[in-house]
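# Close look at the chain arrangement
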Amino acid sequence: MELPRLIVIGDKNLGNIGKFLHSLNEPKKVSVISGRHVKKIIQNKFQKSLLKTGIKSVWHDANNNDETSIDKIQNDVKKDKSDLIIGMGGGRSVDIAKMISFNLEKPFVSVPTAASHDGIASPFVSIRGDKPHSVVATAPLGVFVDIDVIKRAPKKLLASGCGDLIAKITAVRDWEIGRDKTGEYFGRYSANLASMSAKILLEASEKRKVPDIREIVEALISAGVASCIAGSSRPCSGAEHLFSHALDKLAPGIGLHGEKCGIGAIMMAKLQGQDWKKITKTLKNVGAPTTAKEIGLTQNLLTKALVIAQSLRPERYTILKEIHMTEKTALDLAKSTNVL
């Protein structure tokens, strides 16, 4: 079981990143993987903090997270001969850094600049290609979050993170179904931790409130830790994630990961006999999309994604194993949940 050694969440605390890194393993040199936009905003303050603790840094642009792009960045990072690899930015930068650190057997630190996904603290990486999927890499040695930076990110990224959180409702239920039908291992503790991460959104929706940003960040980190404890993505990823991966295959670039997982969760909840209307209401409350149209998804793409979703991970038992999903069945499901 790999868990982050240290998690720091503060407000306007980016100037302390040098001390944070030094406390982890006293690195002399770090490789920073970041998007260009994030680099422009953060690099100056980040560099000053590192210099105070005598840490050198080399920056690498994260342009894409397909296997070819990761290989290129990895070769460049290898030449750095750094002590630590940092993923700074959104899902792409964190995922790339995570994968490279695993391949090069270097410790990894997650510095998210947007609360858009639960990969902040998890050991899993989303890979794009002919068959989009998640692979296990390594959990971060540490996680450093500046809430002030998160607040400056586009609101749709935070809403996407909420979509990824609400997906734990259907993911945990799929895990229970898998346990009951195949006898697979079910980790009650990690399942409860993932469910609790989604619960903060449900409770806020019931009170007609928008959850605090820090609460969302903490929930995303907790969900990632749930995967670390389970040793798999089971508590956080079910049929709704397979739907998202299917869309990545059919229409890469349409919708954010959490947006697609949220919409998938609405439909999977209906199949599971759960309160899909409550999920829809919660997503609307946080400003996340609940229809295909809101993310530019056509009827044809949506139905095809539902049909092929389970085939992307046939070994993982989800509610889709129990449904003979045809394009007509998919269309009826999407219309009955107002996704179409």
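Before going into details, it helps to say that this report is about the structure given with it. (Residues numbered from 1 in each chain as written. Predicted model: local features only at pLDDT ≥ 70, side-chain atom pairs only at ≥ 80, totals over all residues. Heavy atoms only, no water.)

## Re the packing of helix H10 (residues 239-250) against helix H11 (residues 257-272)
Which entries qualify depends on this criterion: As a rule, the C-alpha atoms of each element are fitted with a line to give its axis, helices using only the stretch in contact, and angles between N-to-C directions run from 0 to 180 degrees. A run of H or I in DSSP counts as a helix once it spans at least four residues, and a run of E counts as a strand once it spans at least two, with each numbered from the N terminus. Note on angle classes: values under 35 degrees are labelled roughly parallel, values over 145 roughly antiparallel, values of 65 to 115 roughly perpendicular, and the remainder oblique. In this scheme the handedness of a crossing depends on how the near helix is turned from the far one: anticlockwise by less than a right angle means left-handed, clockwise means right-handed. Contacts: residue pairs with any heavy atoms within 4.5 Å of one another. Residues were grouped as follows: Ala, Val, Leu, Ile, Met, Phe, Trp, Tyr, Cys and Pro as nonpolar; Asp, Glu, Lys and Arg as charged; and all remaining residues, including Gly, as polar.
At their nearest, the axes of H10 and H11 sit 8 Å apart, and the two run at 130° to each other. Relative to H11, the element H10 lies oblique. With respect to the hand of their crossing, H10 and H11 are arranged in right-handed fashion. Across the interface between the two elements, Ala239, Glu240, His241, Phe243, Ser244, Leu247 and Asp248 from H10 touch His257, Lys260, Cys261, Ile263, Gly264, Ala265, Met267 and Met268 from H11. Taken together, the residues of the contact of H10 with H11 break down into 8 nonpolar, 4 polar and 3 charged.

## Observations concerning the sheet that holds strand E8 (residues 142-146)
One key point about sheets: their strands pair by backbone hydrogen bonds, in either a parallel or an antiparallel sense. Condition: Pairing between two strands is assigned when DSSP locates at least 2 bridges connecting them.
Ordered in space as E1-E8-E5-E4-E2-E3, the 6 strands form an open sheet in which the pairing is parallel. The strands lining the two open edges of the sheet, one partner per strand, are strand E1 (6-10) and strand E3 (56-61). Mean inter-strand twist for the sheet, computed between neighbouring axes without regard to direction, equals 15°. Alignment of strand E2 (residues 29-34) against strand E4 (residues 84-89), held across 5 bridges, turns out to be parallel. If you follow Val32 over to E4, its bridge partner there is Ile86.

## Quick word on the side chain of Thr282
For clarity, the cut-off: Think of it in three bands: with a 1.4 Å probe and only protein chains considered, a residue is buried below 20% of the maximum accessible area for its type, exposed above 50%, and partly exposed in between.
Tracing the chain through its elements places Thr282 in helix H12 (residues 276-285). On the accessibility criterion, Thr282 (2% relative accessible area) is buried.

## Re the environment of Gly91
Mapping Gly91 onto the fold places it in helix H4 (residues 91-104). Taking relative accessible area as the criterion, Gly91 reaches 22% and is therefore assigned partly exposed. For Gly91, the residues in contact, after removing those within four places along its chain, are Ser116 and His117.

## Here we look at unusual backbone geometry
Of note, the phi angle at Glu26 is positive, near 50°, even though the residue is not glycine. Within the secondary structure, Glu26 is located in the loop between helix H1 (17-25) and E2. The phi dihedral of Glu105 falls on the positive side, at around 55°, and the residue is not glycine.

## Some points on the environment of Asp212
Which entries qualify depends on this criterion: Nitrogen and oxygen atoms within 3.5 Å of one another constitute a polar contact, given that in protein one can donate a hydrogen and the other can accept it, and given that sequence-neighbouring residues count only through two side-chain atoms.
Relative to the assigned elements, Asp212 resides in the loop between helix H8 (188-206) and helix H9 (213-230). For the pair Asp212 and Leu201, spaced 11 residues apart in sequence, the C-alpha separation works out to 9.7 Å. One polar contact links the side chain of Asp212 to the main-chain amide nitrogen of Arg214, over a distance of 3.0 Å.

## Quick look at the packing of aromatic side chains
The following threshold applies: The pairing test for Phe, Tyr and Trp rings, Trp by its six-membered ring, is centres within 6.5 Å, and the orientation test on the planes gives stacked under 30 degrees, edge-to-face over 60, and tilted for anything in between.
A full pass over the atoms with the stated rule returns 4 aromatic pairs. Where Trp175 meets Tyr185, the ring centres are 6.2 Å apart and the plane angle is 70°; that geometry is what we call edge-to-face. Of this pair, Trp175 sits in helix H7 (residues 168-182) while Tyr185 is found in the loop between H7 and H8, placing the two residues 10 residues apart along the sequence. For Trp175, a relative accessible area of 1% corresponds to the buried category. For Tyr185, a relative accessible area of 56% puts it in the exposed group. Look at Trp175 and Phe186: their rings are 4.8 Å apart centre to centre, the planes differ by 55°, and that puts the pair in the tilted class. Linking Trp175 in helix H7 with Phe186 in the loop between H7 and H8, this pair joins segments that are 11 residues apart in sequence. Taken together through their ring pairs, the aromatic side chains of Trp175, Tyr185 and Phe186 make up a single cluster.

So far we have only geometry, and geometry alone does not tell us how the molecule works.
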